[in-house]
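Chain and residue survey
If you want the building blocks of each chain, they are given just below.
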Amino acid sequence: MAVRPKRIIAQILKELTQLGRDRLTLTMALGLPILLLLLYGFAVSLQVNEINFAFQDLSMTPSSREYIATFERTQTFQLVTQGPGVDLPHLLDQGRISGGIIIPPKFSRDLNRADRTANVQLLLDGSDSNTANVIRGYANATNSAFVQNLQSSGATTPVNLQSRLWYNPGLETLKYIGPGAIAMTVTLFPPLLAGLATAKEREQSTILQVYASSLTGTEYLLGKAVAFWLVGMAEILLVNLESWLCFGLWFVGDPTPVILGSVLYIACGVLWGIFLGASTNSQSTVIQNVSFTAFLLSLQLSGFIYPIANIPIAIQWVSLLIPARHYILLTRNAYARGSGWVSDWSPLLGLLLLAILFFFLAWRKLQTMQVES
């Protein structure tokens, strides 16, 4: 049968006309690629900048101070603290630094002896294997620059930088990728299912039956949220079992913070999905909104692929509204670091505040939807 160009053109015009009538979908179709390009252009960077660093200076001599100053002059290392009383393991547990150097008491004496090697020890947070490798390379390069300055002044004593990786000594990529992947795998479906269920009721006008019943808006919201929250918690359980059976990942410290964080994280996703579902009449729009806000933004701004510190300051503030950013800190701590509540209270607080915010937004939107219906 011959192809009829007129019908093809008519079909094209029909599809364009329908797309033009759905302004929200058209806006997303045209605007999302632009926004994603901006995110990729400004937020994606595998270069490690502004490394929080500390020195335990047990030597306290002009030579040790010059060694520390060499790192400061690079403008790559951000000195958090220095001194003989600095507890580097404690700072690593708190997540305040990505690495630190211990300068021994005999550092200056060893520098002045031609038959000796001056040793220093580098401690790194190995829970992020990519960043740890990059920092180790920067530290070795800075150490070499210090040695070259000594040689230019006539000294011949080398400085041996001995690296020790905290939490992930073997720099296993799985211990870095795995905890973040656990968070990302449960990011999409809880909000998507909740959003589709809410939008479907509005799309088919069955929501009117709910309004005609004796259910209050809060009861309706809680009933719907808890149902999909249970589904999300089942996903959490299955994903953790899979990570243990297939990849050997298991808790290395107190699991209580990440369990509580999982409860809040799934709640955030479900409540956000209900808010999006109540904000539109179309299930297809819900799919687009959830895919962008719950998945793509989480992928870009959560710290899953690259450190948050690499993102411009303005976008870093936006990333505080992404639940995955806080949850990934909890999963990496639970599976790789094991420092417990010392460093987990902050992301837990962030998830709690986001859950309260999303509950309020969803509740307010349901009230508005009742008036609109």
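Rules of the game
- Residues numbered from 1 in each chain as written.
- Predicted model: local features only at pLDDT ≥ 70, side-chain atom pairs only at ≥ 80, totals over all residues.
- Heavy atoms only, no water.
- Helix = DSSP H or I, 4+ residues; strand = E, 2+ residues; numbered from the N terminus.
- Buried < 20%, exposed > 50% of the residue type's maximum accessible area, 1.4 Å probe, protein only.
- Areas by Shrake-Rupley, 256 points an atom, 1.4 Å probe, with all protein chains shown as cover.
- Phe/Tyr/Trp six-rings, centres within 6.5 Å; stacked < 30°, edge-to-face > 60°.
- 1 Å grid on protein atoms, 1.4 Å probe; cavity = no way out; pocket = protein on both sides within 12 Å on 5 of 7 lines; lining within 4 Å.
- Points joined across faces, edges and corners; volume = space filled by probe spheres on them.
- Nonpolar A, V, L, I, M, F, W, Y, C, P; charged D, E, K, R; others polar.
- pLDDT = per-residue confidence, 0-100.
- Core = buried A, V, L, I, M, F, W, Y, C linked by side-chain atoms within 4.5 Å.
- Contact = heavy atoms within 4.5 Å.
- Axes fitted to C-alpha atoms, helices over the stretch in contact; angles between N-to-C directions.
- Parallel < 35°, antiparallel > 145°, perpendicular 65-115°, else oblique.
- Left-handed = near helix turned anticlockwise from the far one by under 90°.
- Pairing = 2+ DSSP bridges.
- Right-handed = clockwise from strand over helix to strand, strands pointing away.
- Salt bridge = Lys/Arg side-chain N within 4 Å of Asp/Glu carboxyl O.
- Patch = residues over 30% accessible without salt bridge, like charges linked within 9 Å, V, L, I, M, F, W, Y side chains within 5 Å.

**Observations concerning the overall build of the chain**
- Tallying secondary structure elements over the chain gives 15 helices and five strands in all.
- Here the chain holds 373 residues, and 45% of them are scored as buried.
- Carbon together with sulfur atoms contributes 63% to the accessible area of the chain, which is approximately 18600 Å² in total.

**Side note on the packing of aromatic side chains**
- Here the structure, examined in full by the defined rule, presents 13 aromatic pairs.
- Ring geometry for tyrosine 67 versus phenylalanine 146: centroids 4.9 Å apart, planes at 85 degrees, classification edge-to-face. Linking tyrosine 67 in helix H3 (residues 62-73) with phenylalanine 146 in helix H6 (residues 129-152), this pair joins segments that are 79 residues apart in sequence.
- With a relative accessible area of 0%, tyrosine 67 lands in the buried category.
- Summarising the aromatic geometry, the rings of tryptophan 272 and phenylalanine 275 are spaced 5.2 Å apart at their centres and angled 35 degrees between planes, so their arrangement reads as tilted. In this pair, tryptophan 272 and phenylalanine 275 both sit in helix H11 (residues 256-278), three residues apart, roughly one turn of the helix.
- Members of the aromatic cluster, joined through ring pairs, are Phe53, Phe55, Tyr67, Phe71, Phe77, Phe107 and Phe146.

**Looking at empty space enclosed by the protein**
- Considering all chains together, one arrives at one cavity of 30 Å³ or more under this definition.
- The volume enclosed by the largest cavity comes to roughly 40 Å³.
- Among the residues making up the lining of the largest cavity, the classes are represented as one nonpolar, five polar and two charged.

**Here we look at the confidence of the model for the chain**
- With 76% of its residues at a pLDDT of 70 or more, the chain shows a mean pLDDT of 78.
- Confidence, read as mean pLDDT per element, is least for helix H2 (residues 23-43) in the chain (56) and greatest for H11 (92).

**Re unusual backbone geometry**
- For methionine 60, which is not a glycine, the phi torsion comes out positive at approximately 50 degrees.
- One can find methionine 60 in the loop between strand E1 (51-57) and H3.

**Some points on the nonpolar core**
- By size, the foremost hydrophobic cluster in this structure holds 52 residues, and its most contacted members are Tyr265, Ile266, Val270, Ile274, Val290 and Tyr327.
- Of all elements in the fold, only helix H7 (173-185), helix H8 (189-203), helix H10 (217-247), H11, helix H12 (283-301), helix H14 (323-337) and helix H15 (341-372) reach the threshold of two or more residues within this core.
- For this core, the leading source of residues is H11, giving eleven residues.
- Beyond its immediate stretch of four places on either side in the chain, isoleucine 266 contacts Val186, Pro190, Trp229, Gly232, Met233 and Ile236.
- Formed by 22 residues, the second largest nonpolar core is a distinct cluster that contains Ile68, Phe77, Val120 and Val147.

**A few points about the layout of surface pockets**
- Roughly 1200 Å³ of internal volume is contained in the largest pocket.
- In terms of lining, the largest pocket is formed by 40 residues, of which the most central are Gly95, Ile308, Arg325, Leu329 and Arg337.
- Taken together, the elements giving at least two residues each to the lining of the largest pocket come down to E1, H6, H14 and H15.
- Broken down by element, the lining of the largest pocket gets its largest block of residues, nine residues, from H15.

**A look at the packing of H8 against H12**
- The N-to-C vectors of H8 and H12 enclose an angle of 155 degrees; their axes lie 9 Å apart at closest approach. The orientation of H8 relative to H12 falls into the category roughly antiparallel. As for the relative orientation of H8 and H12, their crossing is right-handed in sense. Of the residues in H12, those touching H8 at Pro191, Leu192, Gly195, Leu196, Ala199, Lys200 and Glu203 are Gln283, Val286, Ile287, Val290 and Ala294.
- Across the contact of H8 with H12, the residue classes break down as eight nonpolar, two polar and two charged.

**As for the pairing of strand E2 (residues 77-83)**
- The pairing of E1 with E2 spans six bridges and is parallel. Among the inter-strand pairings, asparagine 52 is bridged to a residue of E2, identified as glutamine 78.
- In this region the chain leaves E1, passes through H3 and returns to the parallel neighbour E2; the handedness of that crossover is right-handed.

**So, the pattern of salt bridges**
- Applying the stated rule across the entire model yields two salt bridges.
- Between arginine 73 and glutamate 66 there is a salt bridge; the shortest N-O distance is 2.7 Å.
- In this structure, the salt-bridge partner of aspartate 110 is arginine 109, at a minimum N-O distance of 3.6 Å.
- The class of aspartate 110 is buried, set by a relative accessible area of 7%.
- The partly exposed category is assigned to arginine 109, whose relative accessible area is 37%.

**A few points about a nonpolar patch on the surface**
- Taken together, Leu237, Leu238, Leu241, Trp244, Leu245 and Trp250 make up a surface patch of nonpolar side chains, about 660 Å² in accessible area.
- Of note, tryptophan 244 is situated in helix H10.
- Residue tryptophan 244 is classed as partly exposed on the basis of its relative accessible area of 44%.

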